[in-house]
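Residue strings, one per chain:
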Amino acid sequence: MTFTSTFAEAFSLIASLDARVAEIVLLSVQVSGTAVLLGTLVGLPLGAVLAIGRWPGQQTGTVLVNALMGAPSVVIGVTVYLLLSRSGPFGTLGLLFSPTAMVIAQFVLVVPLMAAIARQVVEDAWQRYAEELHVMRFSWWHSLTTLLYDCRHSLLVAVLAGLGRAMSEVGAVMIVGGNIDGLTRVMTTAIALETAKGDLPLAIALGLVLIGVILVLNAGAQVLRGWAMKRYG
Amino acid sequence: MFPVRLRDVRFEPNGRTVLDGVDLELGGEGITLLLGPNGAGKSVLLRTLCGLLQPSAGTIEWADGPRPETGVMMVFQHPMMIRASVLENVSLGLKPLGVPRSERRRRAERILERVALSDRAHDSARHLSGGEQQRLALARAWLTRPRLLLLDEPTASLDPSATAEVERIIREIRTDGTRIVMTTHNLGQATRLGDDVIFLSGGKVREHAPVRRFFAQPASEEARLFIQGELPWKLPL
């Protein structure tokens, strides 16, 4: 099969809305979307806490988050695998090799990344506003929520970074999901498998969809951010 | 709350003297202008009064006991404008006081009328001009009905018409019963607004006098030179 014919067949699979491709894409979006949504709820406030909190261990927390930001996904995958395996502390939940396990693994992957970016964004705002918030007698909680609200457009970058990491990683979901056809097979694991099997058109089709999804989300976020910056300054 | 007494207040970060034994008494009424050259310690004195800075030595005594938790507000030269509407920015002042959202909004709308910003209520606060942002910041502070309001160069880099509008609002806040202490480099403004003047130089209070007397008969040579615009930036200590 030539390079050209491989791509032609890949485009044909996408254009014909191939059921296998659609199923894999849908599961990928569900798993990564859920992980990033949960990651947003935890990662952004965590970053803000690290930015404005003044408590013992804050520096350690920042170092830990920064270090975990670059943790290899297979290491996260193995850790979550051990936690969810039959002999692990959460083995009784029976989550291993399920989409839920994949969500958990991706959640663990994206939270440090989102928290680290959020910490930097919120810390910059905190340095500008700290005195005024103090004078207005803002509590720690009120300061945190106000800063997160003020930085909401810049924090989109953290969400996008999380989404990018979740959708493109392969190691963790492969380990905890098992790449089971029709159950836990997502775009990245399918690409790895189909390439190994020699079914390059399907691998290329999934790769194109993956890049397309990430491009569309980034473009959408960029438009939204541009509008918001124009609207609110 | 009043009188507020500062006794031998010193502020010496990293061994550098910024406030050098300030003794002051602030009564409960009027507008006090803090005048002095750059680096005299005016802004630091305001920050010390509102609790942002802790004196290295000396005491600040409030009539009712320790520094009150509420009732002291400060408006900065570059006030905070979060990425939200004018209305939201103004109502922020009431957030820590536990005022319900609907009530915050109602009171914010009312105060915006008094600072002539009603027509901009739903615009982004960051799109306001410098003068409008100062009016917003004054409204935010006024909304909390402070007993003491500290203003750090509220009209710096504003044009005459924006300055006049800010001065009108400051007078209204004063009429509402708020004690005001403000810094300025605008001597004309000092004569228009002030009841008394505290002249600071080198971190020391050189003179505290009613505004007319200060400008007509400054007690010190430094003050006289300052009024004439001849005071060097750094006085030899």
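Residues numbered from 1 in each chain as written. Chains lettered and ligands numbered in written order. Predicted model: local features only at pLDDT ≥ 70, side-chain atom pairs only at ≥ 80, totals over all residues.

(A) Seen up close, the overall build of chain A. Secondary structure summary: chain A contains 10 helices and 0 strands in total. The N-to-C order of helical and strand elements in chain A reads α-α-α-α-α-α-α-α-α-α. Taken across its 233 residues, chain A has 40% of its residues classed as buried. Nonlocal contacts in chain A, meaning residues at least 24 apart in sequence, comprise 80% of its contacts between residues at least 6 apart. (Helix = DSSP H or I, 4+ residues; strand = E, 2+ residues; numbered from the N terminus. Buried ≥ 20, exposed ≤ 12 C-beta atoms within 10 Å, placed from the backbone. Contact = placed C-beta atoms within 7 Å.)

(B) Representation of the overall build of chain B within the structure. Looking only at helices and strands, one finds 8 helices and 9 strands in chain B. Against the 2.2 N^0.38 benchmark of 18 Å for 237 residues, chain B shows a C-alpha radius of gyration of 18 Å, consistent with a compact globule. In terms of overall dimensions, chain B has C-alpha extents of about 55 × 40 × 35 Å along its principal axes. Counting only residues that meet the buried cut, chain B has 42% of its 237 residues in that class. Counting contacts in chain B only where the partners sit at least 6 residues apart, residues at least 24 apart contribute 68% of the total. (Rg over C-alpha atoms; globule rule 2.2 N^0.38 Å.)

(C) How the structure looks around the sheet that holds strand 5 (residues 72–75) of chain B. Residue and element names in this part refer to chain B. Read across the sheet, 6 strands follow the order 5-6-7-3-8-9 without closing on themselves; strand pairing throughout is mixed. Two strands lie at the open edges of the sheet, namely strand 5 and strand 9 (204–210), each paired on one side alone. Put simply, the sheet's adjacent strands are angled 15° from each other on average, direction ignored. Two elements, strand 5 and strand 6 (residues 148–152), share 4 bridges in a ladder whose sense is parallel. From the neighbouring strand, Val-72 faces strand 6, where its bridge partner is Leu-148. (Pairing = 2+ DSSP bridges. Axes fitted to C-alpha atoms, helices over the stretch in contact; angles between N-to-C directions.)

(D) Here's a closer look at the packing of helix 2 (residues 19–52) of chain A against helix 7 (residues 156–168) of chain A. All names here are of chain A. Orientation of helix 2 relative to helix 7, taken along the N-to-C sense of each, is 140°, at an axis distance of 9 Å. The pairing of helix 2 with helix 7 is recorded here as oblique in orientation. Our pair here, helix 2 against helix 7, has a crossing hand that is right-handed. Across the interface between the two elements, Ser-28, Ser-32, Ala-35, Val-36, Gly-39, Thr-40, Gly-43 and Leu-44 from helix 2 touch Ala-158, Val-159, Gly-162, Leu-163, Ala-166 and Met-167 from helix 7. (Parallel < 35°, antiparallel > 145°, perpendicular 65-115°, else oblique. Left-handed = near helix turned anticlockwise from the far one by under 90°.)

(E) View of the packing of helix 1 (residues 3–15) of chain A against helix 10 (residues 200–232) of chain A. All names here are of chain A. For the pair helix 1 and helix 10, interaxial distance at closest approach is 8 Å and the crossing angle is 60°. When the axes of helix 1 and helix 10 are compared, the pair comes out oblique. As for how helix 1 packs across helix 10, the hand of that crossing is right-handed. Together, Thr-6, Phe-7, Glu-9, Ala-10, Leu-13 and Ile-14 of helix 1 and Leu-200, Pro-201, Leu-202, Ile-204, Ala-205, Leu-208 and Val-209 of helix 10 make up the contact between the two elements. In terms of residue class, the contact of helix 1 with helix 10 is made up of 11 nonpolar, 1 polar and 1 charged. (Nonpolar A, V, L, I, M, F, W, Y, C, P; charged D, E, K, R; others polar.)

(F) Summary view of the sheet that holds strand 2 (residues 19–26) of chain B. All names here are of chain B. The 3 strands lie next to each other as 2-1-4, forming an open sheet whose pairing is antiparallel. Only two strands of the sheet have a single neighbouring strand rather than two, namely strand 2 and strand 4 (57–61). Across the sheet, the axes of successive neighbouring strands diverge by a mean angle of 15°, strand direction being ignored. Relative to strand 4, strand 1 (residues 4–11) runs antiparallel, the two being bridged by 4 bridges. Paired with Arg-10 across the bridge in strand 4 is Ala-57. Docked against the sheet, helix 1 (residues 42–49) engages strand 1 and strand 2, running at close to 60° with respect to strand 2.

(G) Helix 10 of chain A, seen in detail. Residue and element names in this part refer to chain A. Helix length check: helix 10, at 33 residues, gives a terminal C-alpha distance of 47 Å against a target of 48 Å (1.5 Å per residue), a fit within 8%. Taken residue by residue, helix 10 has Leu-202, Ala-203, Ile-204, Ala-205, Leu-206, Val-209 and Leu-210 as its buried positions. Where helix 10 is buried, its residues contact helix 1, helix 2, helix 7 and helix 9 (187–197). Of the residues trailing helix 10, Gly-233 is marked for its positive phi of about 85°. (Expected span 1.5 Å × (residues − 1).)

(H) Looking closely at the pairing of strand 6 of chain B. All names here are of chain B. The buried count for strand 6 comes to 5 of 5 residues, which makes it a mostly enclosed element. Neither face of strand 6 is open: one carries Leu-148, Leu-150 and Asp-152, the other Leu-149 and Leu-151, and all of them are buried. For strand 6 and strand 7 (residues 179–183), the ladder comprises 5 bridges, and the chain directions are parallel. Paired with Leu-150 across the bridge in strand 7 is Val-181. The parallel pair strand 6 and strand 7 is bridged by helix 5 (residues 160–175), and the resulting crossover is right-handed. (Right-handed = clockwise from strand over helix to strand, strands pointing away.)

(I) Just the environment of Leu-82 of chain A, in detail. Inspection of the secondary structure puts Leu-82 of chain A in helix 4 (residues 73–84). For the pair Leu-82 of chain A and Ser-154 of chain A, spaced 72 residues apart in the sequence, the C-alpha separation amounts to 36 Å.

(J) Geometry of the nonpolar core. Ranked by internal contacts, the top residues of the largest apolar core, which has 134 residues, are Ala-105, Val-176 and Leu-206 of chain A. In contact with Val-176 of chain A, other than residues within four places in its own chain, are Gly-77, Val-80, Tyr-81, Leu-84, Leu-96, Ala-101, Met-102 and Ala-105 of chain A. (Core = buried A, V, L, I, M, F, W, Y, C linked by C-beta atoms within 7 Å.)

(K) Layout of unusual backbone geometry. Residues and elements named next belong to chain B. The step from Phe-2 to Pro-3 runs through a cis peptide bond, and the omega angle for that step is 0°. Among the structural elements, Pro-3 can be located in the segment before strand 1. Positioned with a positive phi, Asn-14 is a non-glycine residue whose angle comes to about 50°. Inspection of the secondary structure assignment puts Asn-14 in the loop between strand 1 and strand 2. Under the C-beta neighbour-count criterion, Asn-14 is labelled exposed, with 4 such atoms within 10 Å. At Arg-145, a position not held by glycine, the phi torsion is positive, near 50°.

(L) Summary view of helix 1 of chain B. Residues and elements named next belong to chain B. Of all 8 residues in helix 1, 7 are buried; the element is thus mostly enclosed. Within the span of helix 1, buried status applies to Lys-42, Val-44, Leu-45, Leu-46, Arg-47, Thr-48 and Leu-49. Residue Gly-51 follows helix 1 closely and has a positive phi angle near 90°.

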